[in-house]
Amino acid sequence: YKIIFCLKIILLMKISKEPEELQLLKDKLISKLISNLHIDQVDKISERFKRNAAKFLRSNLLYSIRQHVDLNHLVYVVTASSELAVNKLLEGYGVEVVGTQFEEKHCRLTGHLIRDGCYGSSKVNEFLLRVKGTHYVDFEIIECWSDSISDWHLMRLAKKRYWVNSAGDESAIRKLDPSGILLRL
């Protein structure tokens, strides 16, 4: 049953053109795949993800993170991806990860999302929930990096905005954010 469900979701992802729908389908797929996994199994999967994904981390972004951490700035990585996986990937970088969270009961993931995930305008909500949970009431977002126009809701809160994009996105980003800095990596 799980395999058929996953294949159906993958097929729908191939057909879909709307970013919000794609993210919802991705969350459903991950929910099904992780449901009933023990947290130790998830940790092993996250460790494998870290080994495979580390090579895709952008050096200039990591350099910027290090600079801010060295200045004792709080650095948040806000992502639509699983918070568990990205936390593992960025271990040791001194960042706080805010991402899509899945419910855990009795050391097992249920497969249910906590709230609405962390995509589009929900990224702002998730970020503010996390920041308000700290003792920092007054804060400013010094800089923000994104590779997706769907992050505009969060990006617009930053003083300095870096858009990591392909050439095809440039005109849409320029129209939306004329003062944003475009990077092609």
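As a starting point, this report considers the structure included with it. (Residues numbered from 1 in each chain as written. Predicted model: local features only at pLDDT ≥ 70, side-chain atom pairs only at ≥ 80, totals over all residues. Heavy atoms only, no water.)

Each helix and strand in the chain was counted, giving eight helices and seven strands. Here the chain has a C-alpha radius of gyration of 17 Å; the compact-globule value for 185 residues is 16 Å, and the two agree. In terms of principal-axis extent, the alpha carbons of the chain reach across some 50 × 40 × 30 Å. Buried positions account for 38% of the 185 residues belonging to the chain. (Helix = DSSP H or I, 4+ residues; strand = E, 2+ residues; numbered from the N terminus. Rg over C-alpha atoms; globule rule 2.2 N^0.38 Å. Buried < 20%, exposed > 50% of the residue type's maximum accessible area, 1.4 Å probe, protein only.)

Moving on, we get to the sheet that holds strand 6 (residues 158-164). Judged by pairing direction, the sheet is parallel, and its three strands sit side by side in the order 5-6-7 without closing on themselves. In this open sheet, the two edge strands, each paired with only one partner strand, are strand 5 (141-146) and strand 7 (181-183). Ignoring strand direction, the axes of neighbouring strands in this sheet form an average angle of 20 degrees. Note: strand 6 against strand 7, three bridges, orientation parallel. (Pairing = 2+ DSSP bridges. Axes fitted to C-alpha atoms, helices over the stretch in contact; angles between N-to-C directions.)

Before going further, it helps to examine the pattern of salt bridges. For side chains of opposite charge, pairing can occur when their charged atoms come near one another. In total, this model carries ten salt bridges according to the counting rule given. The partner of Glu47 in a salt bridge is Lys88, with the nearest N and O atoms 3.5 Å apart. With Glu47 in helix 3 (residues 39-53) and Lys88 in helix 5 (residues 83-89), the pair connects residues that are 41 residues apart, well separated along the chain. Glu47 sits in the partly exposed class, given a relative accessible area of 28%. The class of Lys88 is buried, set by a relative accessible area of 11%. Between Lys88 and Glu91 there is a salt bridge, and its shortest N-O distance comes to 3.5 Å. One connected set of salt bridges, linked through shared partners, spans Asp43, Glu47, Lys50, Lys88 and Glu91. (Salt bridge = Lys/Arg side-chain N within 4 Å of Asp/Glu carboxyl O.)

What follows concerns the packing of aromatic side chains. Applying the stated criterion across every chain, the model contains four aromatic pairs. Ring geometry for Trp145 against Tyr162: centres 4.5 Å apart, planes inclined by 25 degrees, an arrangement best described as stacked. With Trp145 in strand 5 and Tyr162 in strand 6, this pair connects stretches of sequence that are 17 residues apart. For Tyr162, a relative accessible area of 13% translates into the label buried. Geometrically, the ring pair formed by Trp152 and Trp163 is stacked, given 6.3 Å between the ring centres and 25 degrees between the ring planes. Taken together, the positions of Trp152 in helix 7 (residues 152-155) and Trp163 in strand 6 put the pair eleven residues apart, joining distant regions of the chain. An aromatic cluster is defined as three or more aromatic residues linked by ring pairs; in this entry it consists of Tyr76, Phe127 and Phe139. (Phe/Tyr/Trp six-rings, centres within 6.5 Å; stacked < 30°, edge-to-face > 60°.)

Once that is clear, we can look at the state of the cysteines. Applying the stated rule across the entire model yields zero disulfides. You can see Cys118 has no disulfide; the closest cysteine sulfur is in Cys144, sitting 11 Å from it. Residue class for Cys118 comes out buried when judged on its relative accessible area of 1%. (Disulfide = S-S within 2.5 Å.)

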